[in-house]
Amino acid sequence: MAVIGFSRIRPMMYQDQITRNPVNRKHFVIPKGTVHFIPERCKACTYCWHFCPKDMLEESSAINAMGYHPPAVKEGMEDSCIACGMCETVCPEFAIYIEEANDRERAH
Ligand code: SF4
Ligand code: SF4
């Protein structure tokens, strides 16, 4: 019986080489969102930028009152948020919230 090594089990976000697009993708509407931070609550646990499926967040160079570097949106990715809510869900400090835009955009 073949045994799969741990090195072959990777989180979904790293499996983009085997990700497929559904044939009816153009019928789906992709939500758009704006991410807001409350930097003073952040303890730089790194969850938000590691779990964002769009990989659009990163540790900023700013320092809050507790001495942590809060997250920021990567340069050029300001319009990339799909309002999935993952960052908001995983943040243990409630330091992020998402505002979903009213104007949704069709996937291309
Ligand atoms: S809502 Fe989703 S796509 Fe938008 S910043 Fe948070 S994790 Fe990333
Ligand atoms: S998940 Fe919350 S506490 Fe952790 S780095 Fe992101 S904003 Fe900071």
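Residues numbered from 1 in each chain as written. Chains lettered and ligands numbered in written order. Predicted model: local features only at pLDDT ≥ 70, side-chain atom pairs only at ≥ 80, totals over all residues.

Caption draft 1: Local environment of the site of ligand 2. In the vicinity of ligand 2 lie 15 residues, with Cys-42, Cys-45, Cys-48, Cys-91 and Ala-95 positioned nearest. For the shell around ligand 2, the per-class residue count stands at twelve nonpolar, one polar and two charged. (Near = placed C-beta within 6 Å. Nonpolar A, V, L, I, M, F, W, Y, C, P; charged D, E, K, R; others polar.)

Caption draft 2: Looking closely at the nonpolar core. By size, the foremost hydrophobic cluster in this structure holds 13 residues, and its most contacted members are Cys-48, Leu-57, Cys-87 and Ile-96. When neighbours within four sequence positions are excluded, Ile-96 is seen to be in contact with Val-35, His-36, Phe-37, Cys-48, Cys-87, Glu-88 and Cys-91. (Core = buried A, V, L, I, M, F, W, Y, C linked by C-beta atoms within 7 Å. Buried ≥ 20, exposed ≤ 12 C-beta atoms within 10 Å, placed from the backbone. Contact = placed C-beta atoms within 7 Å.)

Caption draft 3: Just the environment of Glu-100, in detail. As for its placement among the helices and strands, Glu-100 is situated in strand E5 (residues 96-100). The spatial distance from the C-alpha of Glu-100 to the C-alpha of Ile-82 is 8.3 Å, given a sequence separation of 18 residues. (Helix = DSSP H or I, 4+ residues; strand = E, 2+ residues; numbered from the N terminus.)

Caption draft 4: Examining the site of ligand 1 more closely. Close contacts around ligand 1 come from 15 residues, with Cys-52, Cys-81, Cys-84, Met-86 and Cys-87 the closest. Where the shell around ligand 1 is concerned, the elements lending two or more residues are strand E2 (33-37) and helix H2 (86-90). Of the residues contributing to the shell around ligand 1, the split by class is twelve nonpolar, two polar and one charged.

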